[in-house]
Amino acid sequence: MVGLKRHKRIEGWAVEVPDADSELGQLTPIQRLAENNRLWVFSLAGVLVLAILLMFIFKHSAKPADPYGVRPSYANKGYYDDQQHRLFAQEFAVNKSYGSAVIEANFVSLDRFKIVLDGNCSADEIDYAAKMAAMLILRKFRYRAVVQCYVRRASDGVEHLAATTIWSPKKYGFVVKFENSNAQMTN
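Just so it is clear, the structure is predicted and the values come from calculations on it, not from any experiment. All chains use their own residue numbering, which begins from 1 and follows the written sequence. Restriction of local features to residues with pLDDT of at least 70 applies here, the model being predicted, together with a cutoff of 80 or more for giving and counting side-chain atom pairs; totals for whole chains, interfaces and linings are based on all residues. Hydrogens and water are ignored here; the side-chain numbers use all heavy atoms of the structure.

(A) Structural detail: the nonpolar core. Put simply, buried Ala, Val, Leu, Ile, Met, Phe, Trp, Tyr and Cys residues joined by side-chain atoms within 4.5 Å make one nonpolar core. In this scheme, a residue with accessible area under 20% of its type's maximum is buried, one over 50% is exposed, and one in between is partly exposed, where area comes from a 1.4 Å probe on protein chains only. Membership of the largest hydrophobic core comes to 32 residues, with the highest contact counts inside it found for Phe 92, Phe 113, Ile 115 and Leu 117. Segments assigned H or I by DSSP are reported as helices when at least four residues long, segments assigned E as strands when at least two residues long, and all are numbered from the N terminus. When residues of this core are traced back to their parent elements, those giving at least two are helix H3 (83–94), strand E3 (102–109), strand E4 (112–118), helix H4 (123–141), strand E5 (146–152), strand E6 (159–168) and strand E7 (173–178). For this core, the element with the most residues is H4, which contributes nine residues. Residue contacts are defined here by distance: any two heavy atoms, one from each residue, within 4.5 Å place the two residues in contact. Sequence-distant contacts of Ile 115, that is, excluding residues within four places in its chain, are made with Phe 92, Val 102, Glu 104, Ala 105, Ala 129, Ala 130, Ala 133, Val 147, Gln 148, Cys 149 and Tyr 150.

Below, the structure written as structure tokens:
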């Protein structure tokens, strides 16, 4: 029959068999790889599995970088009562755009900022002033300070701790925690 060649069936794949059996021994390993389609399919599947495995390992092993890139607390040598810190506290207390109920503000330690507010201010004003102070300290001094808000009541003149603002790594921002209204400041 003209035009027909001998075929050998191998698990669903058709492979041409040369007429002369002596030619099989003369094939190089590269030629054998080129003719074997199943080996190519398994090699491709292996490369894909390896690539997926490496992507999974690298994705879960890398820690996310801190988006703000600043120190968690004050790490430099210095004083909280230097001229820069005093000017910042004075400017914060005077500028009413940071909080209209702010009476006074000052640094208590290197990483603590104290704000005293009017006794009849609302929780929203306390929250706004505390977060604003924390963000301004972060921007100006490049560290995250704890901001404590005290409320001075006009009746007795005693300051009561109203809220504490701390950095929350889970929320990537400052969180204001309101205190019990009966808590008193200890000097």
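(B) Looking closely at the pairing of E3. Two strands pair if DSSP finds at least two bridges between them. As paired elements, E3 and E4 share six bridges and run antiparallel to each other. Looking across to E4, one finds that Phe 107 is bridged to Phe 113. Counted along the chain from E3 to the antiparallel partner E4, the turn is two residues long.

(C) Expanded view of the packing of aromatic side chains. Aromatic rings from Phe, Tyr and Trp, with only the six-membered ring used for Trp, were paired whenever their centres fell within 6.5 Å, and each pair was classed as stacked if the ring planes differed by under 30 degrees, edge-to-face if by over 60, and tilted otherwise. Counted under the stated rule, the structure contains nine aromatic pairs. Aromatic side chains Trp 167 and Phe 174 sit 5.2 Å apart centroid to centroid with 80° between the ring planes, which places their arrangement in the edge-to-face category. We note that Trp 167, like Phe 174, is buried. Through a chain of ring-to-ring contacts, three or more aromatic side chains come together here, namely Phe 88, Phe 92, Phe 107, Phe 113, Phe 141 and Tyr 143. By definition here, charges over rings are those cases where NZ of Lys or CZ of Arg is within 6 Å of the ring centre and within 35 degrees of the ring normal. Over the ring of Trp 167 we find Arg 144; its NZ or CZ atom is 4.1 Å from the centre of that ring.

(D) Broad picture of H3. The span expected for a helix works out to 1.5 Å for each residue beyond the first. An ideal rise of 1.5 Å per residue puts 16 Å on 12 residues; H3 measures up with 16 Å between its terminal C-alpha atoms. Taken together, the buried positions of H3 are occupied by His 85, Phe 88, Ala 89, Phe 92 and Ala 93. For H3, the angular spread of buried residues about the axis comes to 130°, placing them on one side. Of the exposed residues in H3, the ones pointing more than 90 degrees away from its buried face are Gln 83, Gln 90, Glu 91 and Val 94. Tucked inside the fold, the buried residues of H3 contact E3, E4 and H4. In this context, the arc is that of the directions from the helix axis out to the C-beta atoms.

(E) Highlighting the sheet that holds E4. Pairing is mixed across the open sheet formed by five strands, whose spatial order is E3-E4-E5-E6-E7. Two strands bound the open sheet, and with one partner strand each, they are E3 and E7. Sheet twist, expressed as the mean angle between neighbouring strand axes with direction ignored, is 25°. Axis lines are fitted through C-alpha atoms, for helices just across the contact stretch, and the angle between N-to-C directions can take any value from 0 to 180 degrees. On top of the sheet, H4 reaches E3, E4, E5, E6 and E7; it is set at about 145° to E7, its chief contact.

(F) Broad picture of the environment of Val 147. Within the secondary structure layout, Val 147 lies in strand E5. Judged by relative accessible area, Val 147 falls into the buried class, the value being 0%. As for Val 147 and Lys 131, which are separated by 16 residues in sequence, their C-alpha atoms are 8.1 Å apart. Apart from the residues within four sequence positions on either side, Val 147 is in contact with Phe 113, Ile 115, Ala 130, Ala 133, Ala 134, Ala 163, Thr 164 and Thr 165.

(G) Representation of the pattern of salt bridges within the structure. When a carboxyl oxygen of Asp or Glu lies within 4 Å of a side-chain nitrogen of Lys or Arg, that pair is called a salt bridge. Using the criterion set out here, one finds four salt bridges in the structure. Between Glu 104 and Arg 152 there is a salt bridge; the shortest N-O distance is 3.1 Å. Here Arg 152 lies in strand E5 and Glu 104 lies in strand E3, a separation of 48 residues in the sequence. For Glu 104, a relative accessible area of 32% translates into the label partly exposed. Measuring nitrogen to oxygen at the nearest pair gives 4.0 Å for the salt bridge that ties Lys 131 to Asp 127. One end of the pair is Lys 131 and the other is Asp 127, both in helix H4 and four residues apart, which spans about a single turn.

These figures capture arrangement, not role.
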